[in-house]
Structure formats: structure tokens, C-alpha cells
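Coordinate analysis (summary)
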Amino acid sequence: MTDSIMSKAATMEIPINSNGDTGTLAEDDSLEQAAKLQWSLDEKDLQQVMVSGPNLNETSIVSGGYGGTAEGIIPTSSIKDLRMKSRQSSVPPSRSVFCHITSQSNEYQGSNMHHSSSSSSMTAEEVTRGVAVEKLETMKKWGFNTYKCTKQMISERFGRGSRTVDLELEAQIEVLRDTKKKYESVLRLARALTNHFYNMVQTQHALGDTFADLSQKSPELRDEFGYNAETQKLLCKNGETLLGAINFFVSSINTLVKKTMEDTLMTIKMYENARLEFDAYRSDLEELSLGPRDAVAMARIDAAQQQYQVQKDKYERLRSDVIIKLKFLEENKVKVMHKQLLLFHNAISAYFAGNQQQLEQTLKQFNIKLRPPGADKPSWLEEQ
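Note that the structure is predicted; figures quoted are calculated from it, not measured. Throughout this document, residue positions are counted from 1 along each chain, in the order its sequence is written. The predicted nature of this model means local features are confined to residues of pLDDT at least 70 and side-chain atom pairs, given and counted, to a pLDDT of 80 or more, with totals for whole chains, interfaces and linings taken over all residues. Hydrogens are left out, water is left out, and the side-chain values use all remaining heavy atoms of the structure.

**Looking at the pattern of salt bridges**
When a carboxyl oxygen of Asp or Glu lies within 4 Å of a side-chain nitrogen of Lys or Arg, that pair is called a salt bridge. For the structure on display, the rule yields 14 salt bridges. The salt bridge partner of glutamate 272 is arginine 177, with a shortest N-O separation of 3.1 Å. With glutamate 272 in helix 7 (residues 222-289) and arginine 177 in helix 6 (residues 167-217), the pair connects residues that are 95 residues apart, well separated along the chain. Between buried and exposed lies partly exposed: a residue is buried under 20% and exposed over 50% of the maximum accessible area for its type, with that area taken using a 1.4 Å probe on protein chains only. The exposure class of glutamate 272 is partly exposed, given its relative accessible area of 32%. The class of arginine 177 is partly exposed, set by a relative accessible area of 29%. In this structure, the salt-bridge partner of aspartate 213 is lysine 217, at a minimum N-O distance of 3.4 Å. With aspartate 213 and lysine 217 both in helix 6, this residue pair falls 4 residues apart, about one helical turn. Aspartate 213 sits in the partly exposed class, given a relative accessible area of 37%. Only DSSP runs of H or I covering at least 4 residues are called helices, and only runs of E covering at least 2 are called strands; the numbering of each starts at the N terminus.

**Section: the packing of aromatic side chains**
Stacked, tilted and edge-to-face are the three classes assigned to paired rings of Phe, Tyr and Trp, where Trp is represented by its six-membered ring and a pair needs centres within 6.5 Å; plane angles under 30 degrees give stacked, over 60 edge-to-face, the rest tilted. Taken as a whole and assessed by the stated rule, the structure comprises 7 aromatic pairs. Seen in terms of ring centroids, phenylalanine 197 and tyrosine 351 are 5.1 Å apart; in terms of plane orientation they differ by 75°. Their pairing is edge-to-face. Note that phenylalanine 197 is positioned in helix 6 and tyrosine 351 in helix 8 (residues 295-353), a separation of 154 residues in sequence. According to the relative accessible area criterion, phenylalanine 197 is buried, its value standing at 7%. Ring centres of tyrosine 271 and tyrosine 315 lie 5.6 Å apart, and the angle between their planes is 25°; this geometry places the pair in the stacked category. Placement of the pair is tyrosine 271 in helix 7 and tyrosine 315 in helix 8, with a sequence separation of 44 residues. Three or more aromatic residues link up through ring pairs in this structure, and these residues are Tyr271, Phe278, Tyr308 and Tyr315.

**Brief notes about the nonpolar core**
In these notes, a set of buried Ala, Val, Leu, Ile, Met, Phe, Trp, Tyr and Cys residues joined through side-chain atoms within 4.5 Å is what counts as a nonpolar core. Counting residues in hydrophobic clusters, the biggest one holds 42 residues, and the most contacted among them are Ile173, Leu176, Ile268, Tyr271, Val322 and Leu326. Secondary-structure elements contributing two or more residues to this core are helix 6, helix 7, helix 8 and helix 9 (356-365). When residues no more than four places from it in sequence are discounted, the contact partners of isoleucine 268 are Ile173, Leu176, Arg177, Val322 and Leu326. Residues are treated as being in contact if the distance between any of their heavy atoms lies within 4.5 Å.

**Some details on the environment of glycine 244**
Structurally, glycine 244 is set in helix 7. Residue glycine 244 is classed as buried on the basis of its relative accessible area of 16%. Separated by 124 residues in sequence, glycine 244 and isoleucine 368 have C-alpha atoms that sit 7.4 Å apart. Glycine 244 has contacts with Ile368 and Leu370, leaving out every residue within four places of it along the chain.

Written out as C-alpha cells, the structure reads:
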């Protein structure tokens, strides 16, 4: 109904006389009533019409008659602009300031994060580059040193290069290597004896059990089978005691050969490598000393002199270490072998002499404890 009244009011012509006063028509009362009714609409209804009404972009409000001027036409776009301005102005100042500060802080944090990420990436790149350069320098030094040592070794082998010789020390080294070979042979034979003797003891044990069983099943030969069963059991017991002594002997020789002598030989190998490097840098320094004496050559001679001194100190240090280890090895070898050879001799003599008491006394003398039968086998809990 309101729309019909509005349309009627908007399209109604108001006659104007020559003095500019409106004429009195019968329709004035109805127009005045329509205007009052229109302005009596609630402000909330007007806002609802503005928000949820028809598309105002395609309409316009005419404030005059059909013959009115263009100034009476109010475009709805202006109403829309006013509505947008009113909405923007309705935002509290504190909220707009907060949004501005938040945007600035986000921009600052973003710039800081970008700066920190770029700096961390640059640091990681620098570290990677430093590691690569260090590896390259290490490989360069290793290749240069290997070339010098190979050249020196070939020269010594073909008799064209000189080498540093310590006759007394090299004689001791050769004696040690020969001794190690002989001790390895003793160790191999002692292990073979242990295996053969273990098999013999096991055979005696089985033979004694068989004799004991036959003594029970053969009444006419009970005594003879019984004597032999007791003898085999006694031999088996003495054999196990002797096996304990031989195993201790083998273990001690193995420690002497595989650990003590091997450690000394490793130090000797390092000493020989240091001697080769020392001779290589010494030969290089001698060649440079025979050459020209210009500025570039003098710089090379100074660098070669420094390298020569470093290699000389290393060579002297390792030479001293080899001399000390050879001395201690000789003392340790004499002490260990004196004890082990005495043990081996007494145990073998007591066993084959049938002296069980002396055999047991020998094991007590050298603090050897025998393992009970079946000690090597795992328990039933370990097997589960």
C-alpha cells in the first residue's frame, strides 16, 4: 500500500500559477496525507528497505512530475555512497588504530622473518663452502705428500736415491719380525696339540664308560673291565687337568704374539712411513738448494726447510717410541715365556709320569682354575 501511495505522490502534477503559489485542488489533501504517512515510517523500516530492497543501481527517485527538470532526479548511487560512508564511519577509532598497528607489526615481523631466514641460509652456505674448501686443501696436501713419498720410494728401489739408515735399530726390527714368525709357529703347533689331546681325552672318556657298562653285563669279566674302566677314568681326569695347563699356555702365547708384538710392529710401520716422508722432503730440499737463488727460489727453499723440520721432528719422535717399545717388549717376552715354558714342562712331565698330585700342584702354582665339565654349555634358561 505504501508503494502505491508513493508512486501516486511521485507522479502527481502540482499546478503552479503565475505568482508561484500552488493552486487549490481537490487532490491537495490526499497528497499531504500521503506525505505524512510516508514520513511516519520507522527509521528501522527505512534502513531495512535500503539494505534488503531492490537493486538501486537500476532505479532512481523522481522528486517532481513527469515534466520536471533533471535537477529533481536523485541518482541512487549517491544513496549507496552515503550508506557506505556511514558504515565506514560506524567503525570505532580504536578498532581502526588497532588494525593499522597490527598491519604494521605484521609487516615488521614479516621483514624480520625474511631477514633471519636469509641470514641463516647465508650462514649455512658459508659453512658448507668452508667445509668444501677444507676438504679440498686436505686432498691437495695428501696428493702432494703421496707424490713425494712415491717418488722417493721408487728412487730408493732403483738405487738412485739416498735413505736414512739406523743399522742397530733396523737389526732389532728384523729380529722382532723373525721372532714373531717363530712364535706364531709355536702357537699353531700348541693349538694342534690341544685339539688332538682333547680328542684323545674324549675317546678315553667314552672308552671308560664302555668298559664300565661291560663290567656290569659280563659277570665273568667284571673285574678286568672294571680295572680298565677305572684306569681310563683316571687318565681322562689327568688329561682334563693337562688340557687346562695347555690352554693357559696357548692363551698367553696368543696375547704375546697377537697383541704385544703386533702393537710394537704397528709403531714400527708408522716409524718407517715417517722415515720415508723425511727422506722425501730432505731430497726435495737438497734439490732446491742446488738450484738458483732468486726470490721465488728462496721462498720455496724456506717452505721446504719448514716442512723438512716438521718431518724430522716426527721421525725422531717415532724412532724414540720404537726404541722404547722394543725394550719393553723384550723384557715382557722373557718374563712371560719363562713362566709359560716352566708351566708347560711341569704339566707334561707330571701327566706322562702319572703323577696326579704333581700335576694338580703345578696348576695351583700358576693359579690355573679348571672349568667343571659342561661349563661351556649354556643353561636351559639361556637356551630358551
